Amino acid sequence: MTIAQTAGRRPGRMSRKQRRMVLIAAAGVVLVVAVGLILFALSDRLTFFNSPTDMLESPPAPTDRVRLGGLVALDSIVREENGRITFDVTDGPSTITVTYQGIVPDLFREGQGVITEGTLGSNGIFNADTVLAKHDEAYMPAEVVDALKAQGEWYGDEAMPAEAPAVE
Amino acid sequence: MIVELGHFALILAAAVALAQGVLPIVGARRGDERLMAVAPYAAITQFLLIGIAFAVLMRSYIVSDFSVLNVVQNSHTDKPLLYKITGVWGNHEGSMLLWVLILALFGALVGAFGRNLPQRLKATVLSVQAWIGVSFLAFILTTSNPFLRVAMPPLQGNDLNPVLQDIGLAIHPPLLYIGYVGCSISFAFAVAALIDGKIDAAWARWVRPWTLGAWLFLTVGIAMGSYWAYYELGWGGFWFWDPVENSSFMPWLAATALLHSAVVMEKRNALRIWTVLLAILTFSLSLLGTFLVRSGVLTSVHTFAVSPSRGLFILAILVIFIGGSLALFAFRAQSLSQGGIFAPISREGALVLNNLFLTAAAATVLVGTLYPLLVEAITGDRSVSVGPPFFNLVFTPLVVPLLLAVPFGPLLAWKRGDLYAAAQRLMVAFGAALVGVVLVLVLAGFDEVLAAFGIGIAIWLIVGALSELASRAQFGQRPLSVSLARLAGLPRSAFGMTLAHLGVGLTVLGIVASTTWNEEVIVDMTPGETIIVGGRALTLDGYRIEDTANYSSQIARFTLRDGDRVLSAIETEVRLFTSRPGEVTTEAGIRTFGFSQLYVSRGELTAEGVLTVRAFWKPLVTLIWLGAVVMAIGGLLSLSDRRLRVGAPKPARGGHVVAPAE
């Protein structure tokens, strides 16, 4: 078998071993590409959850998409023009103001747990592009529970106070 | 009393399943025909018993028997009958019962219609199937029993979660379950082949229709779930890369790969070991999906650890079946002989490429779905989440080359293909795609390079799929009447494949068009105000309240006009559920124009009568789901092909259809 034959348009002349090598090489390339993409994306495209305290201690870069979660502070919801809404997210000691344009979920209300996703502006206001609140009144996002526990603001699964924990 | 009857039937079913899991396979080992003959009867009996249990539970829901804990927790007398019935599987216990019911149904189908299956294979397959049945029946009876009674029956139930009171979500789980569980058949066949150390084209001919059936239901189920999320959640998105969505998408990707590799095995007797492995992986992903959705592990690894009995039980099932079958594969795969050989450029080669990309894509989705769980399990850190940015970055580059290759596959000959000849036959598709790209660039501007490329791929897929049919009917090379006769003479599976590939193109077109040219308006409106969206005028007319048996609706009514002409009224509502105070759902108002949709969602109404309105114009958005429907119709056509149904070679028809039947 000459080189011209194997390199030409008639790959059918390859030996069994060569054919298998081509298959393995193709599989290897796809595998390497997939692994490379995953590694790159895992280092770059993860979204991290922050409580207001975390965020004040180590603010994310303005380009980083992060999650901010906590309770919607009482009397903090302000509806502005054209569907823009601002509210405070708190974990007790710390509070961050969030601004969001859009329709908030059905169960979004003061004193309820909430997770928002977006970027922290240089003015210290969090620009959310997504607001999540689960379709279940009893539901409190696990991350929010952790954050509240860390701040000593958690009142147990059964005994959530009717009013949200006092916020300054 | 009747409830206990259902409970006993379920226990009996577990006993029958145990017998079915032992006797036939022992018979197959010993060559004892009487023991092997137990299999089909046991399979049918098991199905009937689970059927009785399911019917009993359904009756408890219909008559609102509040002495049953499951009914108390999930039903309400005021609920419409339809949602009383769908409420049976709208909860954990009931949905697991549905799961085993479908599992038993598939076993019974193999038992009843598997007459031309070799007896040994059939006995082994049904035994393997029964092992799955035994484990899940034990799971239900020990940790998730739907027949538990309450000592003091309350007068009223807690009602089904309002979000679940929707027809789309009501029928979507059964469809997905049929798909998930359908994969168990190809799994059972694969394990049986490994145990017997024997596998041939007849095996593939059996596996293919079952996989095709399961794939068909998965396709429709996923599409329906996606459409439900689109109109119910009010965000206008169709796919969120949510772990629950992913857990149905992974088996779909694997089943699509299996479907294609089974073709190679049936036609060319090649890729045997790979096909067996893929059958195992597909069902493993289905089990994983069941585990992810049912164990509570998604909310948090912690929730899972706090009430571990259910989660650990399913995890054990998962480990035993996936680990066991993979170990069996490792030990026995060498006993399966290697099949036919083929050149890299050939139909087989194209299908291998398809498999490579599909499994790689499924693997990336798996990594993205499990990564946060692993991080939390190992470090206890719950702050990492993997969202759309990850999946878009990883998934897209793996799917684009696959989509580009799709039209080539069917045009390459088996064993040794001619890429140049295939490319020649795709000139029309290539030209059409190029025209599409240029048109988008000219009309939408050079900013939309990615969109132009996406539209090009969609056209390439659609025209490419049709080119294959045209080339097999030899349009342009023969007189039109001859070509039409050839077209009519093609087997149904040929049309099936064309439709399935065309459906992929339609879905791609829908995704690209609706995300690129999506128009969104968020605005505060008072009655009488008008906004322009999608080139049409949307006027808020006013509000009204309507009460039904179990909820009260606050409806905002709009009128849509094109110039002065009134097109239609659009209503969007918020439902307040009286039986579960504080729970609300939103129903988006949607009008379809051709394949495009105008979508109106509402926010809260303030005391001053100001309503926040979010309106979208979504061009060609319905193609996303219609494409899936076309794929499913293609699958159905292929399934109805006589060749697959009777499991016999296709008889020669006329003289002139010589192309290898696909």
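As shown above, the structure is provided for reference.
Below is a summary of the structure that appears in this document.

About the thresholds
- Residues numbered from 1 in each chain as written.
- Chains lettered and ligands numbered in written order.
- Predicted model: local features only at pLDDT ≥ 70, side-chain atom pairs only at ≥ 80, totals over all residues.
- Heavy atoms only, no water.
- Helix = DSSP H or I, 4+ residues; strand = E, 2+ residues; numbered from the N terminus.
- Buried < 20%, exposed > 50% of the residue type's maximum accessible area, 1.4 Å probe, protein only.
- Contact = heavy atoms within 4.5 Å.
- Pairing = 2+ DSSP bridges.
- Axes fitted to C-alpha atoms, helices over the stretch in contact; angles between N-to-C directions.
- Core = buried A, V, L, I, M, F, W, Y, C linked by side-chain atoms within 4.5 Å.
- Polar contact = N/O pair within 3.5 Å; in protein donor to acceptor, adjacent residues only side chain to side chain.
- Salt bridge = Lys/Arg side-chain N within 4 Å of Asp/Glu carboxyl O.
- Parallel < 35°, antiparallel > 145°, perpendicular 65-115°, else oblique.
- Nonpolar A, V, L, I, M, F, W, Y, C, P; charged D, E, K, R; others polar.
- Phe/Tyr/Trp six-rings, centres within 6.5 Å; stacked < 30°, edge-to-face > 60°.
- Left-handed = near helix turned anticlockwise from the far one by under 90°.

### Quick notes on the overall build of chain A
Each helix and strand in chain A was counted, giving 4 helices and 7 strands. In chain A, the order of α-helices and β-strands from amino to carboxyl end is α-α-β-α-β-β-β-β-β-β-α. Every one of the 168 residues in chain A was classed for burial, and the buried ones make up 43%. A separation threshold of at least 6 residues defines the contact pool for chain A, and within that pool the share at least 24 residues apart is 52%.

### Here's the deal with the sheet that holds strand β5 (residues 551-562) of chain B
Residues and elements named next belong to chain B. Across the sheet, which stays open at both edges, the 5 strands sit in the order β3-β4-β5-β6-β7 with antiparallel pairing between neighbours. The open sheet terminates on both sides in strands that have one partner only, identified here as β3 (530-533) and β7 (584-587). Neighbour to neighbour, the strand axes of the sheet diverge by 30° on average, direction disregarded.

### A short note on the nonpolar core
Residues and elements named next belong to chain B. Grouped together as the largest cluster of nonpolar side chains are 152 residues, with contacts concentrated most on L97, W99, F189, W203, L253 and V276. Counting residues per element, this core draws most heavily on helix α8 (residues 167-196), at 15 residues. Contact partners of F189, with chain neighbours within four places excluded, come to L117, L121, V125, W203, W206, V207 and W210.

### Here we look at the side chain of S67(B)
Here S67(B) shows up in the loop between α3 (38-62) and α4 (69-74). Here the side chain of S67(B) touches R149(B) through a polar contact of 2.5 Å, side chain to side chain.

### Describing unusual backbone geometry
One non-glycine residue, D75(A), lies in positive phi territory at about 55°. In this fold, D75(A) is placed in the loop between β2 (66-72) and β3 (78-79). Exposure remark for D75(A): the relative accessible area of 73% places this residue in the exposed category. Phi is positive for L271(B), close to 55°, though the residue is something other than glycine. For L271(B), the location among the structural elements is in the loop between α10 (243-268) and α11 (272-294). Classification of L271(B) by relative accessible area gives buried; the value is 15%.

### Focus: the pattern of salt bridges
Pairs may arise between side chains of opposite charge once their charged atoms sit close together. Evaluated as defined, the whole model comprises 20 salt bridges over all chains. For D65(B), the salt bridge identified is with R149(B), shortest N-O distance 4.0 Å. Of this pair, D65(B) sits in the loop between α3 and α4 while R149(B) sits in the loop between α7 (119-143) and α8, placing them 84 residues apart in sequence. Judged by relative accessible area, D65(B) falls into the buried class, the value being 17%. The closest approach of N and O atoms between R544(B) and E546(B), which form a salt bridge, is 2.9 Å. For R544(B), a relative accessible area of 32% gives the class partly exposed. Because the salt bridges share partners, they merge into one network encompassing R65(A), R67(A), E117(A) and D129(A).

### Some points on the environment of R382(B)
Here R382(B) lies in the loop between α14 (347-379) and β1 (384-386). A C-alpha to C-alpha distance of 7.4 Å links R382(B) and P372(B), two positions 10 residues apart in sequence.

### Section: the side chain of E348(B)
Residues and elements named next belong to chain B. With respect to the element layout, E348 can be found in helix α14. The exposure class assigned to E348 is buried, which follows from its relative accessible area of 0%. When near neighbours in sequence (up to four residues on either side) are disregarded, E348 contacts V264, R268, F342, A413, W414 and K415.

### Observations regarding the packing of α14(B) against helix α15 (residues 388-405) of chain B
The packing of two helices is summarised by the inter-axis angle and the distance between the axes. Residue and element names in this part refer to chain B. Contact pair α14 / α15: the axes reach a minimum separation of 9 Å and the direction vectors enclose 170°. Viewed along their axes, α14 and α15 adopt a mutual orientation that is roughly antiparallel. Along its contact with α14, which presents L353, N354, F357, L358, A360, A361, T364, V365, G368 and T369, the element α15 presents F390, F391, V394, F395, L398, P401, L402 and A405. For the contact of α14 with α15, the residue count by class is 14 nonpolar, 4 polar and no charged.

### Observations concerning the pairing of strand β4 (residues 84-90) of chain A
A regular strand places its side chains on the two faces of the sheet in alternate fashion. Residue and element names in this part refer to chain A. Of all 7 residues that make up β4, 5 are buried, and the element is covered over most of its length. Of the strand pairs in this sheet, β2 and β4 are connected by 2 bridges, and their pairing is antiparallel. Along β4, the bridge assignment pairs V72 with V89. Where β3 meets β4, 2 bridges bridge the pair, whose relative direction is antiparallel. The residue bridging V78 from the neighbouring strand is T86, located in β4. Linking β3 back to β4 in an antiparallel pair, the connection comprises 4 residues, with N82 at a positive phi of about 50°.

### Some thoughts on the sheet that holds strand β9 (residues 596-605) of chain B
Residues and elements named next belong to chain B. Within the open sheet, the 4 strands sit side by side as β2-β10-β9-β8. Their pairing is antiparallel. Where the open sheet ends on each side, the last strands, each with one partner, are β2 (519-525) and β8 (589-593). Geometrically, the sheet is characterised by an average inter-axis angle of 15° between neighbouring strands, direction not taken into account. In terms of strand pairing, β8 meets β9 through 5 bridges, oriented antiparallel. If you follow I590 over to β9, its bridge partner there is Y599. Strand contacts of helix α9 (residues 201-232): β8, β9 and β10 (611-618), with the helix running at about 50° to β9, the strand carrying the most contacts.

### A short note on the packing of aromatic side chains
Residue and element names in this part refer to chain B. Summed over the entire model, instances satisfying the criterion amount to 26 aromatic pairs over all chains. On the numbers, 4.2 Å between centres and 25° between planes, the contact of W99 with F136 is stacked. Of this pair, W99 sits in helix α6 (residues 92-113) while F136 sits in helix α7, and the two are 37 residues apart along the sequence. You can call W99 buried: its relative accessible area is 0%.

### With respect to the packing of helix α1 (residues 2-30) of chain B against α7(B)
Residue and element names in this part refer to chain B. Interhelical geometry of α1 versus α7 gives an angle of 150° and a closest axis separation of 7 Å. In terms of their interaxial angle, α1 and α7 are classed as roughly antiparallel. The two elements α1 and α7 cross, and the hand of that crossing is left-handed. The residue makeup of the contact of α1 with α7, split by class, is 18 nonpolar, 5 polar and 2 charged.

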